[in-house]
Amino acid sequence: MRKAPADIASIEDLRKRAHARVPKPFMDYMEAGSFAEITLRENRRDLDSIRFRERVMFDVSDRKLETTMLGEKVSIPVAIGPTGMCGAIWSNGEILSCRAAHDFGIPFSLSTNALLSIEDVRSSVTRPFWFQLYLEKDRGFSKELLERAKKAGCPVLILTMDLHVEGTRYCDVHNGLGVPPKLTPANIWSIVSHPSWAFAMLHSKRWSFGNYAGKVKSGNVAEMAELVKSQLDSSFDVKTLEWVRSLWPGKLLVKGIMDADDAKMAVDAGADAILVSNHGGRQLDSAPSTASVLTGIVDAVGDKAEVYVDSGVRSGLDVLKFLGLGARGCFIGRAYLYGLGAYGEAGVTKALEILEDELSIAMALTGVTDVRKVSRDIILRPPPAPTISAGATSGGPFRDVRVYEES
Ligand SMILES: Cc1cc2nc3c(=O)[nH]c(=O)nc-3n(C[C@H](O)[C@H](O)[C@H](O)COP(=O)(O)O)c2cc1C
């Protein structure tokens with residue numbers, strides 16, 4: 001495997017390179033947030049606002065970045081999160097990203113909506129990955145997916161709970177990446193003008209949602225997209241979570257939690273871990289940043305479950321900030337997709353190396369020698385708290401104010 005060029009220094013460098021290689025409709029799909037993208041921006045703004053406490057009076061020559069995530073040993077406290085359609089960024093991207101993650105010593109999560117199926121990926125990698133489930137309206141199909149993930153040996157199920165309905169990404173509508181997808185003159189031109197991407201895509205194992213293969217007679221992409229959308233289930237509630245728990249013998253991570261009360265309900269329903277996430281700003285726009293709600297949720301959950309976080313990680317310093325706010329580890333979405341879009345497997349490896357180096361440097365300069373011992377002590381200035389401390393049962397300032405009195 002060819003390495004990424006030596007002058008790639010940051011995730012931002014990978015992002016720029018990915019933009020040069022991948023056609024605009026797919027880059028837009030990756031970059032976008034929902035609606036006015038307020039939450040997308042706020043994820044970054046709040047991480048940027050955090051200030052470390054710099055400590056220099058310690059020997060930090062021997063630094064340990066290894067820890068465990070849901071019982072699995074990891075080389076850094078980072079996992080690759082589930083991203084649908086990652087095979088559209090680079091052909092067979094799911095397999096390449098999984099290999100890069102496993103070689104680096106961290107978990108890879110396969111999305112229900114990946115282009116490659118559970119079986120496609122499992123047969124091409126040496127050990128099982130984590131599987132993310134979008135609960136399907138057709139419960140029989142949900143059960144079938146769980147069975148397939150079990151058969152593939154997936155040790156962790158990530159149950160995404162923040163997609164009862166889909167947040168609108170305006171650029172996808174403009175680019176014809178809706179349901180059904182449209183081949184507009186603009187996106188045909190965009191594909192033709194990115195030949196290395198287009199030629200590589202000819203080697204893709206699949207062009208459509210692999211986990212749904214056989215569910216649509218024609219196998220046609222438009223019909224498949226229609227099916228995927230029609231399977232979103234807005235009746236999905238805590239009882240459904242209990243049902244999934246009863247079917248899944250492995251570890252269960254509930255993703256998309258932004259509220260302390262929801263976190264406690266998930267734990268009571270049997271979640272082994274919580275992933276504090278606003279879907280990278282792609283679902284409820286004007287939801288708070290994950291940085292601003294994380295500590296409240298960590299405090300509410302206590303030692304009953306592990307708490308992870310995503311949304312906005314673009315550097316190893318961001319990883320350390322999230323650890324300082326109480327997370328056990330972080331998941332990454334776009335940070336790895338930029339690497340994938342830029343250089344395929346080598347780009348994902350590069351993204352992980354960058355995060356590792358930056359985390360190690362930030363640890364040294366905050367006087368931390370072991371990621372497992374990071375405490376709130378390293379944070380001098382936390383992110384601004386949301387006006388209502390999300391779900392705090394102790395009550396935020398507006399909790400008891402009834403705005404509209406019933407007469
Ligand atoms: C292109 C893209 C596709 C995604 N697809 C899924 C998905 O299929 N399932 C899911 O649970 N989350 C999905 N997510 C959300 C990610 O798992 C994660 O929550 C988010 O990317 C974190 O924000 P970040 O990109 O700023 O790191 C997707 C995110 C992106 C950017």
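Residues numbered from 1 in each chain as written. Predicted model: local features only at pLDDT ≥ 70, side-chain atom pairs only at ≥ 80, totals over all residues. Heavy atoms only, no water.

Observations regarding the pairing of strand S10 (residues 306-309)
Note that strand S9 (residues 273-276) and S10 share four bridges and pair parallel. From the neighbouring strand, Ala 273 faces S10, where its bridge partner is Glu 306. Since S9 and S10 lie parallel, the crossover through helix H13 (residues 290-301) that links them has a hand, and here it is right-handed. In the sheet, S10 pairs with strand S11 (residues 329-332) via two bridges, with the strands oriented parallel. Its bridge partner lying in S11, Tyr 308 is registered against Gly 329. In terms of handedness, the path from S10 via helix H14 (residues 316-324) over to S11 forms a crossover that is right-handed. (Pairing = 2+ DSSP bridges. Helix = DSSP H or I, 4+ residues; strand = E, 2+ residues; numbered from the N terminus. Right-handed = clockwise from strand over helix to strand, strands pointing away.)

Remarks on the side chain of Glu 72
Structurally, the position occupied by Glu 72 is in strand S3 (residues 72-74). Owing to a relative accessible area of 18%, Glu 72 belongs among the buried residues under this scheme. For Glu 72, the residues in contact, after removing those within four places along its chain, are Thr 67, Pro 107, Arg 127, Trp 130 and Pro 155. (Buried < 20%, exposed > 50% of the residue type's maximum accessible area, 1.4 Å probe, protein only. Contact = heavy atoms within 4.5 Å.)

What to know about helix H3 (residues 38-49)
The terminal C-alpha atoms of H3, which comprises 12 residues, lie 16 Å apart, in line with the 16 Å expected from a rise of 1.5 Å per residue. Those residues of H3 not exposed but buried are Thr 39, Leu 40, Asn 43, Asp 46, Leu 47 and Ser 49. (Expected span 1.5 Å × (residues − 1).)

As for the pairing of strand S8 (residues 251-257)
Taking burial as the measure, the seven residues of S8 include six buried ones, the bulk of the element. The pairing of strand S7 (residues 156-160) with S8 spans five bridges and is parallel. In the strand pairing of S8, Leu 157 is matched with Leu 252. Relative to S9, S8 runs parallel, the two sharing four bridges. Across the sheet, Val 254 pairs through a bridge with Ile 274, a residue of S9. In this region the chain leaves S8, passes through helix H12 (residues 260-268) and returns to the parallel neighbour S9; the handedness of that crossover is right-handed.

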